[in-house]
Amino acid sequence: MTDKTELERTIEYAIRGAPQIKADEKRKWLGEFRERVILGLTVEQSHMEEALCHVEDALKHEMADIIIVNQDMLIEMMAKYMRLAKDTGKRFKSVATDSEEAMGLVVASSEAVKIENVERDLYR
């Protein structure tokens, strides 16, 4: 049990916000839980032209709902993904993060999906 008083907990919540479940996981996956991720690309991978094909394929998944991009992405590539989201009727969101392990792009669902390996190796 915690030794903090109710007042101390209230002040801590006001300063830092409510504690988050799986905060490290959500930082990596741009605010999403891992179990909702259909595709994850690093920042470097998301800048590659061939990444667009992988994202298009991921958006064909029946539960694909949103493309989330890291704001560290080049604006030209971000515009391509934004256009792709619009063309496929999916939502688009960009996320600012200071986490070094954060992905560059995530295609996610609003519900859990059972996909074992969501990270792609585009360098092969």
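Residues numbered from 1 in each chain as written. Predicted model: local features only at pLDDT ≥ 70, side-chain atom pairs only at ≥ 80, totals over all residues. Heavy atoms only, no water.

A. Local environment of the packing of aromatic side chains. In this structure the tally under the stated criterion is 0 aromatic pairs. Taking the ring centre of Phe33 as reference, the NZ or CZ of Lys26 above it sits at 4.8 Å. Positioned above the aromatic ring of Trp29 is the side chain of Arg34, whose terminal nitrogen or guanidinium carbon lies 6.0 Å from the ring centre. (Phe/Tyr/Trp six-rings, centres within 6.5 Å; stacked < 30°, edge-to-face > 60°. Lys NZ or Arg CZ within 6 Å of the ring centre and 35° of its normal.)

B. Inspection of the environment of Ala102 at higher detail. Relative to the helices and strands, Ala102 resides in the loop between strand S3 (91–95) and strand S4 (105–108). According to the relative accessible area criterion, Ala102 is buried, its value standing at 8%. C-alpha separation for the pair Ala102 and Ile115, spaced 13 residues apart in sequence, amounts to 19 Å. Dropping the residues within four chain positions of it, Ala102 is found in contact with Arg27, Lys28, Leu30, Val43, Asn70 and Thr97. (Helix = DSSP H or I, 4+ residues; strand = E, 2+ residues; numbered from the N terminus. Buried < 20%, exposed > 50% of the residue type's maximum accessible area, 1.4 Å probe, protein only. Contact = heavy atoms within 4.5 Å.)

C. Structural detail: the environment of Arg120. With respect to the helices, strands and loops of the structure, Arg120 is situated in the segment after S4. For Arg120, a relative accessible area of 32% gives the class partly exposed. The spacing of Arg120 and Glu6 is 114 residues in sequence and 46 Å in space, taken between C-alpha atoms. Leave out the neighbours within four places in its chain, and Arg120 touches Ile38, Leu39, Gly40, Leu41, Gln45 and His54.

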